[in-house]
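# Commentary on secondary and tertiary structure
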Amino acid sequence: MKQLLVLSGKGGTGKTTIASAFIKLADAKAYADCDVDAPNLHLITEWNNEPEKTNYYGLPKAKINIEMCIECDQCRQNCRFDAIKLNKYYEIDTFACEGCGVCEYVCPAGAIIMEPAVAGELMLYFDGERAFSTAKLKMGSGTSGKLVAEVKNKMKSVKVDSDVAIIDGSPGIGCPVIASISGVDMVLIVAEPSISGISDMERIINTAMKFGTKMAICINKYDTNIENTKKIEKLCEERKLPFVGKIPFDSGAVKAINNGKTIVDIDCISGTAVKKVYQNTMNLLFE
Ligand SMILES: Nc1ncnc2c1ncn2[C@@H]1O[C@H](COP(=O)(O)OP(=O)(O)OP(=O)(O)O)[C@@H](O)[C@H]1O
Ligand code: SF4
């Protein structure tokens, strides 16, 4: 099963819009939403059954047993994250605690232990034929890269008969994006013809290149700035990056997404354009 990851660098360029259209066009039986900070692919894909839910444990957090505490202040003085507060008793600010364990180490009374903490939830939808893996990171939790790796593992943990798996990535070039790139067969970059769109596109191209992963570029909302669209096409030519097509700005796309549909579920110009982008992308993926 070939894995295609949809990325963009900049947020809001249309990754989910395009990934969901690809899922429909490919009739993909395996797909995943790796945008764990703000997942939204589940809003467009149709599932009647409840997902299997699993807690995701991120960094451990310190816990103080106040009965054992002798109020020596060692933990507070040594915590470089300022996560220990003295109110009525010594308390842990769980948002600030990075789980380094120094407080447990310095406490002379053995009053502190490090406890696993729930940092999010993994959800696997599976009906025997199709699998959809997604997750939600808890507000203020880190280690999103590890959660992304688990989302992909969950998707692969069930057997489905599919040539292709479509993965919706997260914006940016940080940990969750890097975790999503590892092991995929190809990255489709959705560019937007704005100044920040071009700048972020170049950053994600450079990031993906470090992995040596096959890559293709498409432009969404291309007619919002024809000048910049030409710049992106030229850049692809200069850097010898396959350009797989462009999709116009379309009020039909907004209508489809707002109604929980993909752009290929309704008759609209972006839906027609994405079919060409899909065909070119699949030709590259399976070449
Ligand atoms: N071709 C288009 N024409 C008009 N609007 C579009 C088009 N493509 C996407 N949109 C709209 O742009 C918005 C962002 O799209 P989408 O959620 O697919 O982007 P994203 O890159 O996945 O965002 P995020 O960075 O939050 O993951 C949505 O409101 C969507 O309806
Ligand atoms: S180091 Fe241990 S004994 Fe000292 S204040 Fe902190 S919890 Fe209490």
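Residues numbered from 1 in each chain as written. Chains lettered and ligands numbered in written order. Predicted model: local features only at pLDDT ≥ 70, side-chain atom pairs only at ≥ 80, totals over all residues. Heavy atoms only, no water.

An unreviewed UniProt entry lists the protein chain under the name ATPase, from Soehngenia longivitae.

Before going further, it helps to spend a moment on unusual backbone geometry. Positive phi outside glycine occurs at Glu71, with the angle close to 55 degrees. One non-glycine residue with positive phi stands out, namely Asp82, at about 55 degrees. Tracing the backbone shows Asp82 in the loop between helix 2 (74-78) and strand 5 (84-86). (Helix = DSSP H or I, 4+ residues; strand = E, 2+ residues; numbered from the N terminus.)

We now examine the pattern of salt bridges. Within this structure, the stated rule accounts for 11 salt bridges. Here Arg130 ties to Asp127 by a salt bridge, and the two come within 3.3 Å at their closest N and O atoms. Given the relative accessible area of 23%, Arg130 is considered partly exposed. The exposure class of Asp127 is partly exposed, given its relative accessible area of 40%. Measuring nitrogen to oxygen at the nearest pair gives 3.5 Å for the salt bridge that ties Glu238 to Lys234. With Glu238 and Lys234 both in helix 7 (residues 226-238) and four residues apart, this pair spans about one turn of that helix. According to the relative accessible area criterion, Glu238 is exposed, its value standing at 55%. (Salt bridge = Lys/Arg side-chain N within 4 Å of Asp/Glu carboxyl O. Buried < 20%, exposed > 50% of the residue type's maximum accessible area, 1.4 Å probe, protein only.)

Before going further, it helps to spend a moment on the site of ligand 2. Taken together, the neighbourhood of ligand 2 is formed by 13 residues, with Cys69, Cys72, Asp73, Cys75 and Cys107 sitting nearest. Taken together, the residues of the shell around ligand 2 break down into 10 nonpolar, one polar and two charged. (Near = heavy atom within 4 Å. Nonpolar A, V, L, I, M, F, W, Y, C, P; charged D, E, K, R; others polar.)

With mixed pairing, the nine strands of this open sheet are ordered in space as 3-8-9-2-10-1-11-12-13. A strand with exactly one partner marks an edge of an open sheet, and here the two such strands are strand 3 (52-57) and strand 13 (243-247). Strand-to-strand, the axes of this sheet are offset by a mean angle of 20 degrees, without reference to chain direction. As paired elements, strand 2 (residues 30-33) and strand 9 (residues 131-137) share three bridges and run parallel to each other. Pairing of Tyr31 across the sheet is with Phe132, part of strand 9. Taken strand by strand, helix 4 (residues 144-157) contacts strand 1 (2-7), strand 2, strand 3, strand 8 (118-126), strand 9 and strand 10 (164-168), and its axis lies near 160 degrees from that of strand 9. Across the sheet, helix 7 lies against strand 11 (186-191), strand 12 (214-220) and strand 13, angled at about 165 degrees from strand 12, the strand it touches most. (Pairing = 2+ DSSP bridges. Axes fitted to C-alpha atoms, helices over the stretch in contact; angles between N-to-C directions. Contact = heavy atoms within 4.5 Å.)

All right, on to the domain arrangement of the protein chain then. For the protein chain, the domain assignment lists domain 1 (2-55 + 123-286) and domain 2 (59-116). Put simply, the middle of domain 1 and the middle of domain 2, counted by C-alpha atoms, are 41 Å apart. (Domains from an automatic or database assignment.)

In this structure the tally under the stated criterion is four aromatic pairs. Summarising the aromatic geometry, the rings of Phe22 and Tyr278 are spaced 5.3 Å apart at their centres and angled 80 degrees between planes, so their arrangement reads as edge-to-face. Residue Phe22 is located in helix 1 (residues 15-26), and its partner Tyr278 is located in helix 9 (residues 269-285); the two are separated by 256 residues in the primary sequence. Per residue, the accessibility class of Phe22 equals that of Tyr278, and both read buried. Relative to Phe132, the ring of Tyr125 has its centre 5.5 Å away and its plane inclined at 15 degrees; by these criteria the two rings are stacked. On the basis of relative accessibility, which here comes to 13%, the residue Tyr125 falls in the buried class. By relative accessible area, Phe132 is classed as buried at 0%. One aromatic cluster in this structure is built from Tyr31, Trp47, Tyr125 and Phe132. One residue, Arg130, lies across the ring of Trp47, its end atom 4.0 Å from the ring centre. Looking at Lys246, its charged tip hangs above the ring of Tyr222, at a distance of 5.2 Å from the centre. (Phe/Tyr/Trp six-rings, centres within 6.5 Å; stacked < 30°, edge-to-face > 60°. Lys NZ or Arg CZ within 6 Å of the ring centre and 35° of its normal.)

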